[in-house]
Amino acid sequence: MLQLAGLVVVLILVGGGLALTGGPAAMHALPFELALIGGAAVGTVMLANSPDVARETFAGFVRAFRGGRWKKADYGDLFALLGGLMRAVKRRGFVSIEADIEVPEESALFRAAPRILEDVPARSLICDAFRLMALDLSDPQRADQRMMEAIDGHMDRRLKAVGALQTLADALPALGIVAAVLGIIRTMGAIDQDPAILGSMIGAALLGTFLGVFLAYGLVGPIAARYGQIVEEEAQFLETIRAVIRSFGEGAAPSLALEMARTTLPPQFQPDAASLSASAVTPLSAARRPAA
């Protein structure tokens, strides 16, 4: 994966440079300085955020390297699922999908898209929207408004986590200075030592400043940026659900609602028109087959 390759390059170049130029004193002090700055960084995240946001923030480090949850095949599954639900409503009314949206775990349509079934935000968005439309067919905007609120609520916590990561990146240089000051204090306590010893101690103290700047701009800052991109990609999946159901609620035919949503997707996520047409005929088997 590109992010892992980038991490390896950064660590080799910067770590190699430190090993070659920092000397034994810097390498001896490295674990202590990392523990001090890293521990303080973890503490600031916990101090500044709610437990949910803090957990999401720490998870962002892993998600930045794993990549986004939804792939092209998942969009194919999504269109097959929504197409099956909409066509059932068109043919037999909302009562025909009552069991699907009330107990999706037992629905053949949902089971054909297991990744969507397992994802609580996506599954809930679909079920709640169709449930609201069934209760009040005269006002499709009500379901659209509810979907918008649900997406905003889900994204709020994740965007707070992105902000927390960026705040941490901004704070790391200052935490590095704190570590450097502690090293200088230790050095001043040994002011009567030989210049060679004092030089090593000062170099080790300045390692804190180096680590703070490196971690901020070489690691946490890029991770925060990448995680922000992933959050935006995953929000697009929920927005696609909203776009399809909104068009259907406004009277569009299922095939038209799906096609309008498909054409707005970026090429890397866009199922081809042939697979979408196939799902219109056999939604369950198409949902099980990865999109081309």
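None of these values were measured; they are calculated from a predicted model. (Residues numbered from 1 in each chain as written. Predicted model: local features only at pLDDT ≥ 70, side-chain atom pairs only at ≥ 80, totals over all residues. Heavy atoms only, no water.)

### Some points on the overall build of the chain
In terms of regular secondary structure, the chain is built from 12 helices and 0 strands. Helices (α) and strands (β) of the chain occur, in sequence order from the N terminus, as α-α-α-α-α-α-α-α-α-α-α-α. A compact globule built from 292 residues would reach a C-alpha radius of gyration of about 19 Å, whereas the chain, at 26 Å, exceeds it by more than 25%. Taken along the three principal axes of its C-alpha coordinates, the chain extends 90 × 35 × 30 Å. Here the analysis covers contacts within the chain between residues at least 6 apart in sequence; of these, 76% occur between residues at least 24 apart. Accessible surface, the chain: about 14600 Å² in total, of which carbon and sulfur atoms supply 65%. On the chain, the mean spot of the 26 positive side-chain charges and the mean spot of the 29 negative ones are 7 Å from each other. (Helix = DSSP H or I, 4+ residues; strand = E, 2+ residues; numbered from the N terminus. Rg over C-alpha atoms; globule rule 2.2 N^0.38 Å. Contact = heavy atoms within 4.5 Å. Areas by Shrake-Rupley, 256 points an atom, 1.4 Å probe, with all protein chains shown as cover. Lys, Arg positive; Asp, Glu negative; His and termini not counted. Charge placed at Lys NZ, Arg CZ, Asp CG, Glu CD.)

### Overview of helix α2 (residues 51–66)
Over its 16 residues, α2 runs 23 Å from end to end, which matches the ideal 22 Å to within 8%, given 1.5 Å per residue. Where α2 bends most, the angle comes to about 35°, and this point is Gly60. Residues of α2 that are buried include every one of Val53, Ala54, Glu56, Thr57, Gly60, Arg63, Ala64 and Phe65, and no others. (Expected span 1.5 Å × (residues − 1). Bend = angle between axes of the 7 residues up to and from the residue. Buried < 20%, exposed > 50% of the residue type's maximum accessible area, 1.4 Å probe, protein only.)

### A short note on the nonpolar core
Most often, soluble globular proteins keep nonpolar side chains buried together rather than apart. Core analysis: the biggest nonpolar cluster contains 51 residues, and Leu82, Ile116, Ile126, Phe130 and Ile241 have the highest contact counts within it. Every element with two or more residues in this core is listed here: α2, α3 (72–92), α5 (108–111), α6 (114–118), α7 (120–135), α8 (140–188), α9 (195–249) and α10 (254–263). Counting residues per element, this core draws most heavily on α9, at 11 residues. Among residues more than four places away in sequence, those in contact with Phe130 are Leu82, Leu85, Met86, Phe94, Ile97, Ile101, Ile245 and Phe248. Grouped together as the second largest cluster of nonpolar side chains are 19 residues, Ala41, Leu168, Ala169 and Ala179 included. (Core = buried A, V, L, I, M, F, W, Y, C linked by side-chain atoms within 4.5 Å.)

### Considerations on the environment of Met86
Along the chain, Met86 falls in helix α3. Once the C-alpha coordinates of Met86 and Asp156 are considered, the two residues, 70 residues apart in sequence, prove to be 29 Å apart.

### Description of a nonpolar patch on the surface
There is a patch of nonpolar side chains on the surface, built from Ile177, Val178, Val181, Leu182 and Ile185 and spanning about 440 Å² of accessible area. On the secondary structure map, Ile177 appears in helix α8. (Patch = residues over 30% accessible without salt bridge, like charges linked within 9 Å, V, L, I, M, F, W, Y side chains within 5 Å. Salt bridge = Lys/Arg side-chain N within 4 Å of Asp/Glu carboxyl O.)

### Observations regarding α10
Regarding α10, the residues found buried are Pro254, Ala257, Leu258, Ala261 and Arg262. For α10, the angular spread of buried residues about the axis comes to 130°, placing them on one side. (Arc of directions from axis to C-beta.)

### Thoughts on the pattern of salt bridges
Proximity of charged atoms lets side chains of opposite charge pair with each other. Within this structure, the stated rule accounts for 14 salt bridges. Across the salt bridge formed by Glu234 and Arg63, the nearest N and O atoms sit 2.2 Å from each other. With Glu234 in helix α9 and Arg63 in helix α2, this residue pair connects regions lying 171 residues apart in the sequence. Look at Glu234 and you get buried, because its relative accessible area is 7%. Note on Arg63: relative accessible area 17%, which makes it buried. In this structure, a network of salt bridges that share partners links the residues Glu56, Arg63, Arg157, Arg158 and Glu234.

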